[in-house]
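# Inside the fold
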Amino acid sequence: MDEETKSVISPGTSLVYPYYDDEGKLCAVLLKDGDFIRVDKSPTEVVDLSMKFYGTSLRGGIDGGKALMGEIHMTPVMVNERLDIYFFPSNSPSSNECVWFSLAHVLTFLPFDKHHTKVIFRDGNVFTVKCSYSVFQTKYQRACMLKNGLSARFTQMALGVRKGYKTYLIRKNHKRGNYEITDE
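One structure accompanies this document, and this report is about it. (Residues numbered from 1 in each chain as written. Predicted model: local features only at pLDDT ≥ 70, side-chain atom pairs only at ≥ 80, totals over all residues. Heavy atoms only, no water.)

### Let's talk about the packing of aromatic side chains
On inspection of all chains with the given rule, the structure shows 11 aromatic pairs. Between Phe-53 and Tyr-54, the aromatic rings sit 5.3 Å apart at their centres with planes inclined by 85°, giving edge-to-face as the arrangement. Of the residues examined, Phe-53 reaches a relative accessible area of 45% and is grouped as partly exposed. Accessibility expressed as a relative area gives 24% for Tyr-54, which makes it partly exposed. With 4.9 Å between their ring centres and 65° between their planes, Phe-109 and Phe-136 make a pair best called edge-to-face. In this pair, Phe-109 is assigned in strand β7 (residues 106-113) and Phe-136 in helix α4 (residues 133-159), connecting sequence segments 27 residues apart. Each member of the aromatic cluster is reached from another via a ring pair, and the members are Tyr-17, Phe-88, Phe-101, Phe-109, Phe-121, Phe-127, Tyr-133, Phe-136 and Tyr-140. Here the basic side chain of Arg-38 rests over the ring of Tyr-19, its NZ or CZ set 4.5 Å away from the ring centre. (Phe/Tyr/Trp six-rings, centres within 6.5 Å; stacked < 30°, edge-to-face > 60°. Buried < 20%, exposed > 50% of the residue type's maximum accessible area, 1.4 Å probe, protein only. Helix = DSSP H or I, 4+ residues; strand = E, 2+ residues; numbered from the N terminus. Lys NZ or Arg CZ within 6 Å of the ring centre and 35° of its normal.)

Right, here's the structure in full:
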């Protein structure tokens, strides 16, 4: 596996977390299909490289997320919609402590202590992150909102956008026993 492909997030990637090599350089570890893969890039560089590999960029993903959800901080991103890859950061992406989590791999999460959350992945792996439970919950919910919001937009565009909408009232006509539909 070449360095670029090894560094790319795939559907089997659960998280990307920071580590420092022997020279003190910030690098990343990917938990990918149950294996830990060290790469010579920071976690945020891995996310950006992966998004570029699939035809976009981290900046574009952040801008797209904000366009859908408003001006929020630490925006989750869609790495690749077709492969159902959505990631969210534990901290600011510019932070050396930022861990990126795959929405699809998070089974549940529990408070560990006041400043840490235990994340349980679908494959049984457990990762404790320096992030309070309530903050992690908000980040997870925002990632869910991004996925659902984009999915709704894609579906709406695929079905065609209707120009005008009407409101109908469906009610039962007690005299006839049938339901009637009327414009409201």
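### Here we look at the sheet that holds strand β6 (residues 100-102)
Taken together, the 6 strands give an open sheet; going across it, the order is β3-β2-β1-β6-β5-β4, and neighbouring strands pair in antiparallel fashion. Two strands lie at the open edges of the sheet, namely β3 (35-39) and β4 (77-80), each paired on one side alone. Looking at each pair of strands side by side, their axes are set apart by 25° on average, direction ignored. Here β4 runs beside strand β5 (residues 85-89); their pairing, made up of 3 bridges, is antiparallel. Considered in β5, the bridge of Asn-80 is made with Ile-85. Against the sheet, α4 touches β4, β5 and β6, its axis set at about 150° to β5. (Pairing = 2+ DSSP bridges. Axes fitted to C-alpha atoms, helices over the stretch in contact; angles between N-to-C directions. Contact = heavy atoms within 4.5 Å.)

### Re the sheet that holds strand β9 (residues 126-129)
The strands that make up a sheet pair up through hydrogen bonds in the backbone, lying either parallel or antiparallel. Ordered in space as β7-β8-β9, the 3 strands form an open sheet in which the pairing is antiparallel. The open sheet is flanked by β7 and β9, the only strands paired with a single partner. This sheet shows a mean twist of 25° between the axes of neighbouring strands, independent of strand direction.

### Some details on the side chain of His-105
With respect to the helices and strands, His-105 occurs in the loop between β6 and β7. With relative accessibility at 15%, the residue His-105 sits in the buried group. For His-105, the side chain forms a polar contact with the main-chain oxygen of Pro-11, separated by 2.7 Å. Once you skip the residues sitting within four places of it in the chain, His-105 turns out to touch Pro-11, Gly-12, Thr-13, Ser-14, Ile-120, Phe-121 and Arg-122. (Polar contact = N/O pair within 3.5 Å; in protein donor to acceptor, adjacent residues only side chain to side chain.)

### Examining unusual backbone geometry
In the Ramachandran plot, Asp-33 falls in the positive-phi region, its phi being about 55° despite a non-glycine side chain. Looking at where Asp-33 falls in the secondary structure, it is placed in the loop between β2 (26-32) and β3. Not every positive phi belongs to a glycine, and Asp-84 is a case in point at roughly 60°. The exposure class assigned to Asp-84 is partly exposed, which follows from its relative accessible area of 32%.

### Section: a nonpolar patch on the surface
Together, Tyr-168, Ile-170, Tyr-179 and Ile-181 make up an exposed nonpolar region whose accessible area comes to about 510 Å². Elements supplying a minimum of two residues to the nonpolar patch: β10 (168-173) and β11 (178-183). When you line up the elements, Tyr-168 lands in strand β10. The exposure class of Tyr-168 is partly exposed, given its relative accessible area of 46%. (Patch = residues over 30% accessible without salt bridge, like charges linked within 9 Å, V, L, I, M, F, W, Y side chains within 5 Å. Areas by Shrake-Rupley, 256 points an atom, 1.4 Å probe, with all protein chains shown as cover. Salt bridge = Lys/Arg side-chain N within 4 Å of Asp/Glu carboxyl O.)

Without other data, these values stay purely geometric and don't point to any function.
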